[in-house]
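Descriptive analysis of the structure
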Amino acid sequence: MPATEDFARNLRTMHVVSAASAFALLATTLWMMQADYADEWRGIQRVAYEAQAQQIDDDLLKLDTQEFADKEKDLEQQVKAAKEAVAARQAEVDPASKEVDHLDGEFQRLSRELKFQNAKRDKVRADYDLKVRDGLTSKKELEPYREIFDAEQGKATEMDLKLQDLQLKFDTAKAKLADLTKPRDEALAAKKKYETELVRLEKAKEKIAPDPRTQTGVAFKRWLMQLPIIEGFNGPLKLNQIWLPDLTVTLGMKEAARYDRCITCHLNIDRVNTGNVPAYTHDDHGISMSNADEYLHGKTVTTADGIRVEKTSRVRSDGSIVGYAHPFSTHPNPDLYLTAPSPHPMQKFGCTSCHDGQGSGTSFHNASHAPDSPDIGADWHKKYGYSYNHFWEYPMFPKRLREATCLKCHHNVVELGVNPKFGASAPKLFKGYELIRQYGCFGCHEINGFNAGKAIGPDMRLEPQTPEEAERIAADPSSVAGTMRKVGPGLRHFAAKTTRGWAENWVEEPQRFRPETRMPQFFNLTNQKDSHAKDLQPVEIAGIVEFLFSKSEKETLDHWAEGYVPDAERGKVLFSQRGCLACHAHGDFPGAKADFGPNLTNAHQKISSMEWLYSWVREPTRHSARTRMPNLYLEPEKVGDAMVDPAADIAAFLLSNRDADGKLVPDADGKPVRDTVGPDKFKQIEWKKEALDELSRLYLSKVLTNAKVDETLKSQAYPDKEAASIRSVAIKPDEIELIEGPITDKTLLRYIGRRSISRYGCYGCHDIPGFEKARPIGTALQDWGRKDPTKLALEHIEEFLHHHGEPDVDGKPNPQSTAQRAQAAYRNGLNGNFTSEEQRDRETAAAYFFDQLNSHGRAGFLWQKLRDPRSYDYKKIETKNYDERLRMPKFPFSESDIEAIANFVLGLVAEPPAEKFVYRPQGAAKARIDGEKLLAKYNCTGCHMVELPEITGLPEDLTPYELAKSDIPESLDLLLKLKPPRDARTKLKLPSGETAISFHGMLVKPPDPEDDPEDQSSFYDLWETISLGEKDKFMIPPNRIEVKVKKLLSKTDGRGGAFAEWLVDDSMKGGGGTKVERSVAREMAPPTLYQEGLKVQTPWLFAFLQNPDRLRYTTVLRMPQFNMTSDEAGKLANYFAAVDGAAYPYQEVPQREPEYLSAKAENHPHYLSDAWKVVTMGPPTGFCAGCHAVGGRPFVAGDPTKVTRGPDLDRVTNRLRPDWLQLWLFNPKLITPYTRMPQNFANDKHVFPELFGGNARDQAVASRDALMNYLRILEKEGKATAAAPADSAGAAGGKQ
Amino acid sequence: MTPHPDLTSEVIRGIGWLYLILFAMNVFWTFQIGRRGASLTIIGAWATYATMLGLVGVAHVTGGAEPARFLIRMPAGFKALVDAGAKPELYFTLSIGLFILVIRLRETLVKPTVAWIILNGMVLFMALSMTDYDFRQIVGKPDNVPIVSMLFIVAFFTWLYFKRAVDNDQRIAAGRPLFEQEDNEKVLVWPDLVYSEMICMVVLTAVLVAWGIVLQAPLEEPASAVRTPNPSKAPWYFLGLQEMLVYYDPWMAGVVLPSMILVGLMALPYIDFNKKGNGYYTFNERKFSILTFMFGFLPLWIGLIILGTFLRGPNWNFFGIYEFWDVHKLEVLNNVNLSEMVWVDGFKQPLPVAAAGAEWHWQAYYILKRESVGLILVAIYLGVLPMVMAFTIFRSFFMRMGFIRYMVFANLVLFMACLPIKMLLRWALNLKYIVAIPEWFFNI
């Protein structure tokens, strides 16, 4: 008890304070619960469910038609009528029904008894077994137990029989009853079936939005379960997550399982309707959190007749339906992502493995969303309180960089750009890859796809540069050799090609000489504008050229025949026809725009020796062993009586004198003349002796003491001790240039040249003598996407971009800085002030990257590094040594190129997921990828078209093909087997509302501009078999399809073959001397490789690619010999087969098998002999021999208007696949619509009445068999001797 | 788009609320002094000041639409001045100076009006400084908020102590009874103590919960053993210890000195022989012990926490409160060991080194020879100095304490002094270690 009644504080007040504090604690506790309950995802889920309910309402509304109601009513009536009909026979139904019930009861009772009985039996069997276990072995001992078992088993069997009996009775009774009630049952089933969709929708609705009036119980439960606290017990709103224990995320160097809770808010992301169509179509301006209320609940408006709630219409004024914005929409590409049949099902891949971001975050901010531009970020900040989470290492990639993550699993990249099933799924990334490949970034920046033998990403490395290196790698099973060639020309024999003056000019600024060159610029950049660099830079340039010339190795040059006068005019024609234009552009041929090789318009100003050029075009590998320029077989040949040396003519053409605009400057006779000055007009660069000394001292002081440097320069001799140590090491330092002989200015210059080549890494792209063992100079890029941003050397870039950063306009400094540009883009983005989508994309991209740079992000760093690599030296050169200045050259990239490269480089993270997620194609898919890389490497598509143009529109005539009288019926079957028909109907509609179809074909006649625009149409030859949905009705080649211009929706250019197309047009215009028809012109051009895999045997193609012999006589050029390995030839050969789903690498030729031949011989003695006759029989009755050399008989040229020399037939046996050959023989135009080979075996003509009963089909089959057994027959039958008077041959349509 | 906006509308509004709170406080204050019968001039002055605060507050809350043109901000000149003086030695000297000043002026400072003016000054300084981006970044960090409040709390309790102590000292001087004697009201455990404690507990829980909701803990990068944050800071209460690491080897700063602090605090009752000051506040009667404790607590512990929190930035460099924490800022940190000073600078000869491959005792000999001066100095400091002090400044202490107690006391004092001494040596002579024997992981 208290000692005194006086308390220090008033007890009443204390009570009040205590109560108040208790209430405060209660209030904060409730506040805490509320704060937890108010998580934004709950609100989003609520709206998402409402939106789902509304979508169901919409679907229900579609069923809410008069038609539906009528039908439903009708069915209702039918049910009623049927019920009445059954009721009329109630007297029969009742007893039947009773009988069924009775039997059912009986059956159930007996089943139960049987079950019990079986249990009893099992027990006594077990008892018996236990006795055996306990050692009761004698019959006597066991007998009682067995008897018990037998008794129980007997009972069970008896009951089973009874039950079967009963079953029979039961079934009969049921059938009888069903028969009686059949009309009613059927009517009910029909009604139920009709209402399935309705019921499904109503059920779905009940689940997420039960109607409180009609579904009070469910609605109450749902309401109750959403209350705070209670909702913790399995309420309807909950966190959804995908757990990916194998697809880990690296957190602080530890691999942690990935938890993706994105689907908590993106609830509809994987909802698709039938046909894999997004159920909640994405629409950036669709229903979102900010406007959902208007769409779902409407707003209250006061009208004349009172207050009303108006919902915003989901139909826009243009008739389109408002879709769903994030987070309510479905993924826009369900074919490729998320759905179970797609290659990336959501449950297996989650979300953040592709998008990055913080999967475990459940708020907008914590998820680390990333805006595509700062203005969007500002908008998000306003709406969702977004701010950049600096600490999460994997923020989501913004839209413009989102393809980067594909690289984690798709190390081959190619499948993301060229894919038969999904098209270009990551076009930007693929473009970045292509740019890196073409510009050779890997020469300086190694992109090693392997770490200790384990694949970690795309592999882009230079191939081994020396035989020793190649050997070492081959011997080490854990290392893989690089495959990329240096992208620049080899400089090993540089001196033979040009002059020092030209070379110095080129090195200084390549684009000055050739604006479209890919060679980057090393000099005159932003960190070389000071007077110091102005002095030293010329020494470096002169040094590099001095080094290259002095080290240049001797090259033996060829000379054209004595007395031969190269003809530049003829050279021009040969240049255009022999395929040069497939890779090179030239000002004289403005239509041909190839950029695989350099533009050759100015070649005469660069090349100092015509002999060199002559040797180069004849045999490129002599000059540069690893060149991609093929050997074009430009051998001297006889034309008429005269010898023509195409290489010399082409060289003469290229070295003809031209004016500044690239126009030929002819002599008095109008003939082109040789540019005699050539590269000599380029003056050598001037440099100062002091600058040479300064630079020499700078470099020498790195290896020698200052005193020794002085001594060396004074005595003009390198110190002995140091020289000896240089001689003794394996990898020589640059000072090796100074150790032999006296040190003159020339040797110093060469030393500076070598130093500069080392410093600028010229050998990353060029083969330079002395640098075979040099390593790439740049930062390796294979894990650059994870580079610690604090390690980026940002220097004063922010300040630089504040004042500069934009390229000059017309030679004057740009008044606008990058910071101003970005600010303007930001404001324009906020206010929607862009004039075009293109401008928006370009400018907001700049703002995005600038913003990234300011937040020290990798993307921003990369962007500026590629835009202006030396800008990072802003205000740094003043405090640096000259040789410490940045040296990355400036590449001619556009900003969109840079964005593409950023996608690629940021995707290089060297964090491959578990092996099962990495895309490792096998078989045909791998063959395709390997082949695609080679197509690009050797520019196969420069000449050959590998995919035909796709025409989408509505042809005038869609009559399906009917078998003609002349057609061999089997030809159609074979055609459909080789080329299964494709459904040509598209989802696209013409303006008139008709459905468009698409087909692959070739243009045969462009629209005539003279025609009335209404009637203009183009004509195409159909190359594939297509169906229009009707069974057994097809359109097949060579159907000539007319498409009116107004009914043409789109037309692609096909893939590749730009040169072939150019040559066709050129030949038609008479570029080769005479004008020819389109079909002839096509035969003159490189052939289309459409479905080549079905045509040729892979082993033959393999051999042909390595050593292409002359195949066609119609073409004006030959397939050149590429500088490829046998491995590459094999891959390329496999590629064509893989693309067309044909067998590879080996093919069966059943026609050569004894079984086949003996079966034939059974019906037809001397089968092969007769077949041989069909093939070799000379005119007038035979026809093969008219155009082809066959059976040892050479081709004899006849009337060139009638006879075209076809390929020699001795190759057929190894070259063609039997089925293809058969179809070709049946009717060549089914395969190649433009061919001039006629349909020789027509069903209605009997060409060889005496052979095979005159049956054209049998003759065609026999021809194929003869050709497939060519050598065997030739051996037996001997050479065909009769000469064919070719001009009277029955081929070439002569007989038709 | 602007990564470091100097001011934003939200910030201006926030500062406005701070001014309004200060306005409310001063209105209350004005009424208080009015009730206590202050002169009209003074009331008028306070009223005017309060009104101005109110107007400034309203201007902030309503007028922040264009942050770029907002006028009421910390003058750039002042900021530049503060940043230019941002050096640890200056900071430490000023904090010692402030400490002395507080002791000296204690009788003035405890006057309510003076204290109130200081409080106003502190809040105004805060509010004006908040207009600076870099200041906001440091002070506004959610985990620095307790340290900011600690500044005010420490100031308040120090003030409270001095108020009581000065009062009692005056009473003793005037021969009046002590405040504690005069106000000798014994209170009951129940309900006065336990009930109050329970209420405090409940209120504190409520405050913590509310704090937890309002100020979310910041989400930072995933922990990684290979990549530590820059700067890596200890929890705020250990920042004083962390600061010692700048001057001492980890084993000293992290093991010996903290242990000495703990042991020293435990030993206090056994060392203290002054019977006065028991159960009441006083300063004059316990000058030595209070000054010693306050020196250890205020400049050496709290001062270093503030330094570590607000002034140490990336790379553990020293930054002004208005200075951008730029990782690229470099400071010259070339320090030399005492042995180098002695051998290289003094004797002009190389450091003694044992011949390569010498036996361990030869190595030990050379190491000891190399560090002999430092070792001797340390020995003098810890072994001789206490005796010298015993016969000079601590003569009376020594007499009353006896040898052992005195030695414990003297060593504790010397250990406390070794931090400022080392600081001084570092700043004055760039001295790294007095004894540097990395071979044995022994550095002082």
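The rules we used
Residues numbered from 1 in each chain as written. Chains lettered and ligands numbered in written order. Predicted model: local features only at pLDDT ≥ 70, side-chain atom pairs only at ≥ 80, totals over all residues. Heavy atoms only, no water. Helix = DSSP H or I, 4+ residues; strand = E, 2+ residues; numbered from the N terminus. Buried < 20%, exposed > 50% of the residue type's maximum accessible area, 1.4 Å probe, protein only. Contact = heavy atoms within 4.5 Å. Areas by Shrake-Rupley, 256 points an atom, 1.4 Å probe, with all protein chains shown as cover. Core = buried A, V, L, I, M, F, W, Y, C linked by side-chain atoms within 4.5 Å. Domains from an automatic or database assignment. Buried area = accessible area lost by both parts, 1.4 Å probe. Salt bridge = Lys/Arg side-chain N within 4 Å of Asp/Glu carboxyl O. Polar contact = N/O pair within 3.5 Å; in protein donor to acceptor, adjacent residues only side chain to side chain. pLDDT = per-residue confidence, 0-100. Axes fitted to C-alpha atoms, helices over the stretch in contact; angles between N-to-C directions. Left-handed = near helix turned anticlockwise from the far one by under 90°. Nonpolar A, V, L, I, M, F, W, Y, C, P; charged D, E, K, R; others polar.

Let's talk about the overall build of chain A
Along the backbone of chain A there are 46 helices and 23 strands. Principal-axis analysis of the C-alpha atoms places the extent of chain A at approximately 130 × 120 × 100 Å. Per-residue burial over chain A gives 48% buried out of 1296 residues. The contacts in chain A between residues at least 6 apart in sequence include a share of 69% that link residues at least 24 apart. Summed over all atoms, the accessible surface of chain A reaches about 64700 Å², with 54% contributed by carbon and sulfur.

Notes on the nonpolar core
In terms of nonpolar packing, the biggest core is built from 87 residues, with Tyr 248, Phe 310, Tyr 406, Phe 409 and Leu 419 of chain B touching the most fellow members. In terms of residues, this core owes the most to one element, helix H13 (residues 287-311) of chain B, which gives twelve residues. When residues of this core are assigned to domains, at least three map to each of domain 1 (73-217 + 231-316) and domain 2 (338-443) of chain B. Excluding anything up to four places from it in sequence, Phe 409 of chain B contacts Ile 271, Phe 288, Phe 394, Phe 397 and Met 401 of chain B. Phe 1136, Leu 1223, Ile 1231 and Val 1261 of chain A belong to the second-largest nonpolar core, a separate cluster that totals 68 residues.

Remarks on the interface of chain A and chain B
In this assembly, 40 residues from chain A lie in contact with 28 residues from chain B. Interface of chain A and chain B: buried area, both sides summed, is about 2700 Å²; carbon and sulfur atoms make up 71% of it. Counting the surface chain A buries against chain B, the share from its top three residues, Met 14, Trp 31 and Phe 391 of chain A, is 19%. Counting every contact that joins chain A to chain B gives zero salt bridges. Summed over the shared surface of chain A and chain B, the result is three residue pairs in polar contact (both at pLDDT 80 or more). Broken down by secondary-structure element, the contributors of at least two residues to the side of chain A that touches chain B are helix H1 (11-37), helix H11 (374-384), helix H28 (818-831) and helix H29 (837-854) of chain A. Broken down by element, the side of chain A that touches chain B gets its largest block of residues, 13 residues, from H1 of chain A.

Some words on the confidence of the model for chain B
In the predicted model, chain B carries a mean pLDDT of 90, and 99% of its residues have values of at least 70. Predicted complex, confidence summary: ipTM 0.83, pTM 0.88.

Some remarks on the domain arrangement of chain B
All names here are of chain B. As far as domains go, chain B holds domain 1 (73-217 + 231-316) and domain 2 (338-443). One C-alpha centre belongs to domain 1, the other to domain 2, and the line joining them spans 32 Å. The interface of domain 1 with domain 2 comprises 25 residues on the first partner and 22 residues on the second. Summing both sides of the interface, domain 1 and domain 2 together bury roughly 2300 Å²; the carbon and sulfur share of this comes to 78%.

Section: unusual backbone geometry
Across the junction of Tyr 1144 of chain A and Pro 1145 of chain A, the peptide omega takes the value 0°, indicating a cis bond. Here Pro 1145 of chain A shows up in the loop between helix H39 (1126-1139) and helix H40 (1154-1163). The linkage connecting Trp 190 of chain B with the following residue, Pro 191 of chain B, adopts the cis geometry, with an omega of 5°. Here Pro 191 of chain B shows up in helix H10 (residues 189-214). The residue Leu 338 of chain A is not glycine, and still its phi comes out positive at about 75°.

What about the packing of helix H16 (residues 372-391) of chain B against helix H18 (residues 403-429) of chain B?
All names here are of chain B. Taken N-terminus to C-terminus, the directions of H16 and H18 make an angle of 115°; their axes are 9 Å apart at the nearest point. Handedness of the H16/H18 crossing: right-handed. Residues Tyr 381, Leu 382, Leu 385, Pro 386, Met 387, Met 389 and Ala 390 of H16 pack against Phe 403, Tyr 406, Met 407, Ala 410, Asn 411, Leu 414, Phe 415, Ala 417, Cys 418 and Ile 421 of H18. The residue inventory of the contact of H16 with H18, partitioned by class, reads 16 nonpolar, one polar and no charged.

Section: helix H18 (residues 568-577) of chain A
For H18 of chain A, every residue scored as buried is listed here: Ala 568, Gly 571, Leu 574, Phe 575, Ser 576 and Gln 577 of chain A. Two residues or fewer past H18 of chain A, Gly 579 of chain A is found with a positive phi of approximately 100°.

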